[in-house]
Amino acid sequence: MSDFFLRQEQAKSYANAISDDSERVFTQAALCRAIGFLVQDLESSSHFPECPFDLLKFVHSVHALVKDKKLVNDALSGKYKNFEDIPDIFLTRFANEAPATSGRAFAFCGADSARVFERDCRVKPAAARR
Amino acid sequence: MLQEAISTVRRAPPTERAELMESYIQKIEQTATEEPWKATRLPAVQGASAWCGKTHSVVIDAQGNIFKGSNDGIAVGRVDGRPGVSAWSGLKSVP
């Protein structure tokens, strides 16, 4: 289907099937955010990148990361407002899977998605209690 | 604002929708105050036009049909040798 974002459909299916609500929403948001970031990269580059991005690998990594509740809570607190603020764990995790700059983009997806998670997930349980 | 733009665009004649959407998106980019907002324009197969934001995308096909949804609903591939949207089956049609 796509020759740039490898295994996108599988990535989407994987994210949709995550049973834990917070982990699923976080991972889905990260996937959407990653695609947005990567498309922006495409627009700014003058050539078609030679290295496609494996989105299935990406969602696997994001899912593993969001199981670390401390990391998620830190991200939810708004601690990572800039790429430079992102802890090494994100960067080293992705460093071997994509060029360094895209690794940062991926990492920021994770941090930013935490805020999406905060908006979409934390509010709902409170509303349900009313 | 994007939702308003889509509502307005869908009432326009089909042949004018892509151009109108582009003008609305430019306005949103210029006036977004809460945080910078940008949509990436991409060519799409079969004469369609696509705009991809941080989390959501909009596609208008050659017939003027409008599709929107989260970014995981589009597929990015080669369109005339350049990066572009090769499919958007995961987006929902705007009636």
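Refer to the structure presented above.
Residue numbering note: each chain is counted from 1, following its sequence as written. Working convention: letters from A go to chains and numbers from 1 go to ligands, in the order in which they are written. Restriction of local features to residues with pLDDT of at least 70 applies here, the model being predicted, together with a cutoff of 80 or more for giving and counting side-chain atom pairs; totals for whole chains, interfaces and linings are based on all residues. Excluded from the side-chain calculation are hydrogens and water; included are all heavy atoms of the structure.

A. Examining the interface of chain A and chain B more closely. In this complex, chain A contributes 17 residues to the contact, which on the side of chain B involves 24 residues. Counted as salt bridges are all cases of a side-chain nitrogen of Lys or Arg within 4 Å of a carboxyl oxygen of Asp or Glu. For the pair chain A and chain B, the interface holds zero salt bridges. Pairs of N or O atoms are called polar contacts if they sit within 3.5 Å, as long as, within protein, a hydrogen donor faces a hydrogen acceptor (for residues adjacent in sequence, only side-chain-to-side-chain pairs). There are three residue pairs in polar contact (both at pLDDT 80 or more) connecting chain A and chain B. Elements with a minimum of two residues in the side of chain A that touches chain B: helix 1 (8–16) and helix 2 (21–44) of chain A. In this description a helix means any DSSP run of H or I spanning at least four residues, a strand means any run of E spanning at least two, and both kinds are numbered starting from the N terminus. At nine residues, the largest contribution of residues to the side of chain A that touches chain B is made by helix 2 of chain A. The contact definition used throughout considers only heavy atoms, calling two residues in contact when any of these lie within 4.5 Å.

B. Molecular detail of the state of the cysteines. When two cysteine sulfur atoms are found within 2.5 Å, that pair is recorded as a disulfide. Counting across every chain of the model gives zero disulfides over all chains. No disulfide involves B:Cys52; its nearest neighbouring cysteine sulfur is the one of A:Cys32, lying 9.5 Å away.

C. Quick look at the nonpolar core. By nonpolar core we mean a set of buried residues, namely Ala, Val, Leu, Ile, Met, Phe, Trp, Tyr and Cys, connected to one another through side-chain atoms within 4.5 Å. Only protein chains enter the area calculation, which uses a 1.4 Å probe; residues under 20% of their type maximum are buried, those over 50% are exposed, and those in between are partly exposed. Within the largest apolar cluster, 30 residues are counted, with the highest numbers of intra-cluster contacts made by A:Phe5, A:Leu55, B:Ile74 and B:Trp88. Secondary-structure elements contributing two or more residues to this core are helix 2 and helix 3 (55–66) of chain A together with strand 2 (49–52) of chain B. Per-element tally for this core: the top contributor is helix 2 of chain A, with eight residues. With sequence-adjacent residues up to four places away left out, A:Phe5 is seen in contact with A:Ile35, A:Leu38, A:Val39, A:Phe53, A:Leu55 and B:Val76. Judged by nonpolar contacts, the second largest core, of ten residues, contains B:Val9, B:Met21, B:Ile60 and B:Val94.

Everything listed here is a matter of coordinates, which is why it stays silent on function.
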